[in-house]
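Analysis of the macromolecular model
So the chains spell out like this:
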Amino acid sequence: MVYFVGAGTGAPDLITVRGMRLIGEADIIIYAGSLVNPELLQYAKEDCQIYDSSRMILEEILEIMERGEAQGKTTVRLHTGELSIYGAVREQMDELDRRGIAYESCPGVSACFGAAASLNLEYTLPDVSQSLIITRMEGRTRVPERESIESLASHQASMAIYLSAGMLGELSVRLMAGGYESSTPAALVYKATWPEEKACVCTVGTLAETGEKYGITKTAVVLVGEAVGRREAKRSRLYAPDFETGFRKATDDET
């Protein structure tokens, strides 16, 4: 059996309980060494075979999985963050399907949520934004035209932009072309939840300047939107006294 495990944002204690258990049970671990915190390997058993996939191609990764399956071993494929967001897992699963090898997924905490925790922010504030757009700039991997930065920025929602820290000048221009003001709150969070984390609050117009000042050119998530800069917000309806739920009756008491 192959288990795809999301390693979380970086801090070794932010992996899920299930993910930690699977690592501890694995006979083979293939981890993304360029991104996954190696401290997570402390949860592996002593005789576990550990491979760093950062210098491998897909076929080499699959060969290890296939060999392990033939030997009746449990393999953990340890990916950074959350598998379903820029995880490059589907291509591995497709090949395992072709080989008749069973697999399961264990979710992890993605960088945008680690970054939000570091800044103590909420993306979805009443009357500010009720949506979070997760996207990326086009680089070596193409982005569908309908998902351009300009198109998504036009919604004025909260945005978490991955894999774009090396293109902050262009990103800033395109965000403003889509409708954000240059003064719109933004943040650049490098290696969220790692010991070397840098969380820099700025504006859309100063993203490039901030990245240059703090030497951030990769391994960072860009956060954009009015919610990023809010330290006070309108009270939600959920806990309002006149808001009835299946667990609580509405009252007129506003104390």
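Here the structure is a predicted model, which is why all the values come from computation and not from measurement. Counting starts from 1 at the beginning of each chain's written sequence and moves along it residue by residue. For this predicted model, a pLDDT threshold of at least 70 governs which residues receive local features, and a threshold of 80 or more governs which side-chain atom pairs are given and counted, while totals over whole chains, interfaces and linings are taken from all residues. Side-chain metrics rest on all non-hydrogen atoms present in the structure, leaving aside hydrogens and water.

**Focus: the overall build of the chain**
Of the regular secondary structure elements, the chain holds 8 helices and 10 strands. Counting only C-alpha atoms and orienting by the principal axes, one finds that the chain spans roughly 65 × 50 × 35 Å. Across the 255 residues of the chain, 43% fall into the buried class. Contacts were defined at the residue level, with two residues in contact if any of their heavy atoms lie within 4.5 Å. Pairs at least 24 residues apart make up 65% of the contacts formed inside the chain by residues separated by at least 6 positions. All accessible-area figures derive from a Shrake-Rupley calculation using a 1.4 Å probe, and residue coverage is judged against the displayed protein chains alone. For the chain, the computed accessible surface area is about 13,900 Å², with 49% contributed by carbon and sulfur atoms. Secondary structure elements follow DSSP: runs of H or I of four or more residues count as helices, runs of E of two or more count as strands, with numbering from the N terminus. Exposed residues in this analysis have more than 50% of their type's maximum accessible area, buried residues have under 20%, and partly exposed residues fall in between, with area computed by a 1.4 Å probe over protein chains only.

**Topic: the sheet that holds strand β4 (residues 75-79)**
Strand order in the open sheet made by the 5 strands is β3-β2-β4-β1-β5, with parallel pairing throughout. This sheet does not close on itself; its edge strands, each paired only once, are β3 (49-52) and β5 (103-106). Within this sheet the neighbouring strands show an average axis-to-axis angle of 20°, counted without direction. Taken together, the 4 bridges between strand β2 (residues 28-31) and β4 define a ladder with parallel strand orientation. The residue of β4 that forms the bridge with Ile-30 is Arg-77. Only the contacting stretch of a helix is used when fitting its axis, a line to C-alpha atoms as for every element, and angles between N-to-C directions run 0 to 180 degrees. Against the sheet, helix α2 (residues 58-70) touches β1 (2-6), β2, β3 and β4, its axis set at about 165° to β2. Strands qualify as paired when DSSP identifies two bridges or more between them.

**As for the nonpolar core**
Buried Ala, Val, Leu, Ile, Met, Phe, Trp, Tyr and Cys residues form a nonpolar core when they are joined through side-chain atoms within 4.5 Å. Core analysis: the largest hydrophobic core is formed by 23 residues, its most contacted members being Met-159, Ile-161, Leu-171, Leu-175, Val-222 and Val-224. At the level of elements, α5 (149-153), β7 (158-162), α6 (168-178), β8 (185-190), β9 (198-203) and β10 (220-224) are the ones that each hand at least two residues to this core. Excluding its chain neighbours within four sequence positions, the residues that come into contact with Met-159 are Leu-132, Ile-133, Thr-135, Leu-152, Ala-153, Leu-175, Tyr-180, Val-222, Leu-223 and Val-224. Judged by nonpolar contacts, the second largest core, of 18 residues, contains Tyr-3, Ile-23, Ile-29 and Ala-44.

**Notes on a nonpolar patch on the surface**
A grouping of Tyr-86, Phe-113, Ile-134 and Leu-163 is seen on the molecular surface, where their side chains present a nonpolar patch of about 360 Å² in accessible area. On the basis of relative accessible area, Ile-134 is assigned to the partly exposed category, the value being 30%. Surface patches are drawn from residues lacking salt bridges whose relative accessible area is over 30%; two like charges belong together within 9 Å, two nonpolar side chains (Val, Leu, Ile, Met, Phe, Trp, Tyr) within 5 Å. By convention in these notes, a salt bridge is any Lys or Arg side-chain nitrogen within 4 Å of a carboxyl oxygen on Asp or Glu.

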